[in-house]
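# Results of the structural survey
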Amino acid sequence: MILRELSIDDAHAVRRIYSGASVRHLGRAEMGFAEAHRYVNKAIRWAQEDPRVQHVLGIDVDGNLLGIVKLDTTTTEGRLSYILREDAWGHGFATAAAVELLARAFDTLHLASVGAKHRAGNPASGRVLAKAGFSRIVASDGFVHYTASKREPGAASGSLLTQLSGGGPAHPAGPPSAQ
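Rules used throughout
- Residues numbered from 1 in each chain as written.
- Predicted model: local features only at pLDDT ≥ 70, side-chain atom pairs only at ≥ 80, totals over all residues.
- Heavy atoms only, no water.
- Helix = DSSP H or I, 4+ residues; strand = E, 2+ residues; numbered from the N terminus.
- Buried < 20%, exposed > 50% of the residue type's maximum accessible area, 1.4 Å probe, protein only.
- Core = buried A, V, L, I, M, F, W, Y, C linked by side-chain atoms within 4.5 Å.
- Contact = heavy atoms within 4.5 Å.
- Polar contact = N/O pair within 3.5 Å; in protein donor to acceptor, adjacent residues only side chain to side chain.
- Axes fitted to C-alpha atoms, helices over the stretch in contact; angles between N-to-C directions.
- Parallel < 35°, antiparallel > 145°, perpendicular 65-115°, else oblique.
- Left-handed = near helix turned anticlockwise from the far one by under 90°.
- Phe/Tyr/Trp six-rings, centres within 6.5 Å; stacked < 30°, edge-to-face > 60°.
- Lys NZ or Arg CZ within 6 Å of the ring centre and 35° of its normal.
- Pairing = 2+ DSSP bridges.
- Expected span 1.5 Å × (residues − 1).

### Observations concerning the environment of Gly20
Its place among the elements puts Gly20 in the loop between helix 1 (11-17) and helix 2 (33-48). Using a relative accessible area of 38% as the deciding quantity, one classes Gly20 as partly exposed. Residues Gly20 and Arg85, spaced 65 residues apart in sequence, show a C-alpha to C-alpha distance of 8.3 Å.

Printed below as a string of structure tokens:
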């Protein structure tokens, strides 16, 4: 699995990611092709901004775009979110992507903390966030909120990366989407 910038050729895959059961907990309709095309173009523009504050990356497994992971750094606390195609649930991709993007947030972007949230009816997303190193802080307004802070060298996140790179499921099947 790699995280990569989106390209214009990804519009069809993005539309597929934002469809079916994957959007159930997002509070939005499925994405049409025109919207997916606009989304990809916006992600490409954001990637060229300096300073860059919106990091929208594809979760690519062997050339197959399975999901999107995002980091918004418009405030002092970054905000992480992700979405996977339904057929990619339960293989650890969301957890691995969140771990990798957190590492970039702390080590490259030098953020002190990153927040995330998921709808209360989506406990699988909470398991992804917990395994990625987030701590649950509060449940309110139908969402469960989390935070992650930079860890000292040798903390658990390194062992998680090793565990995930070894293959096998890292979380039970369920709708991995955090907002």
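### A few points about the nonpolar core
Residues Val69, Leu80, Val114 and Phe134 are the most contacted members of the largest nonpolar core, which totals 32 residues. Those elements that provide at least two residues to this core are strand 2 (54-61), strand 3 (64-72), strand 4 (78-84), helix 3 (93-107), strand 5 (113-119), helix 4 (123-132) and strand 7 (143-149). When residues of this core are assigned to their parent elements, the largest contribution, nine residues, is made by helix 3. Ranked by size, the runner-up nonpolar core spans 17 residues in total, among them Met31, Ala36, Val40 and Ile68.

### Considerations on unusual backbone geometry
Residue Pro51 follows Asp50 across a cis peptide bond; omega there is 5 degrees. Secondary-structure assignment places Pro51 in the loop between helix 2 and strand 2.

### Some thoughts on the environment of Thr74
As for its placement among the helices and strands, Thr74 is situated in the loop between strand 3 and strand 4. As for Thr74 and Val53, which are separated by 21 residues in sequence, their C-alpha atoms are 5.5 Å apart. Those residues within four positions of Thr74 in sequence are excluded, and the remaining contacts are Val53 and Gln54. In terms of polar contacts, Thr74 uses its side chain to reach the side chain of Asp72, at 2.7 Å.

### A closer look at the packing of helix 3 against helix 4
For any two helices packed against each other, one specifies the crossing angle of their axes together with the interaxial distance. The geometry of helix 3 relative to helix 4 is characterised by a closest axis approach of 9 Å and an angle of 45 degrees between their N-to-C directions. Judged on the interaxial angle alone, helix 4 and helix 3 are oblique. Remark: the crossing between helix 3 and helix 4 carries right-handed chirality. Residue-level inspection shows Ala94, Thr95, Ala98, Val99 and Leu102 of helix 3 in contact with helix 4, the latter providing Val128, Lys131 and Ala132.

### Thoughts on the packing of aromatic side chains
One pass over the structure, following the stated rule, counts one aromatic pair. Over the ring of Phe143 we find Lys117; its NZ or CZ atom is 4.3 Å from the centre of that ring.

### Here's the deal with the pairing of strand 7
Along a regular strand, successive side chains alternate from one face of the sheet to the other. Here strand 7 lies mainly inside the structure; five of its seven residues are buried. Direction of pairing for strand 5 relative to strand 7: antiparallel, over a ladder of seven bridges. Pairing of Gly115 across the sheet is with Thr147, part of strand 7. Where strand 6 (residues 135-140) and strand 7 come together, five bridges link them in antiparallel fashion. From the neighbouring strand, Val138 faces strand 7, where its bridge partner is His145. Counting the residues that bridge the hairpin from strand 6 to strand 7 gives two residues, and of these Asp141 lies at a positive phi of roughly 55 degrees.

### Regarding helix 3
Here helix 3 contains 15 residues, and its C-alpha end-to-end distance of 21 Å stays within 8% of the 21 Å for a straight helix at 1.5 Å per residue. Counting buried residues in helix 3 gives eleven out of 15 residues, a clear majority hidden from the surface. If you check which residues of helix 3 are buried, you get Phe93, Ala94, Thr95, Ala96, Ala97, Ala98, Val99, Leu101, Leu102, Ala105 and Phe106.

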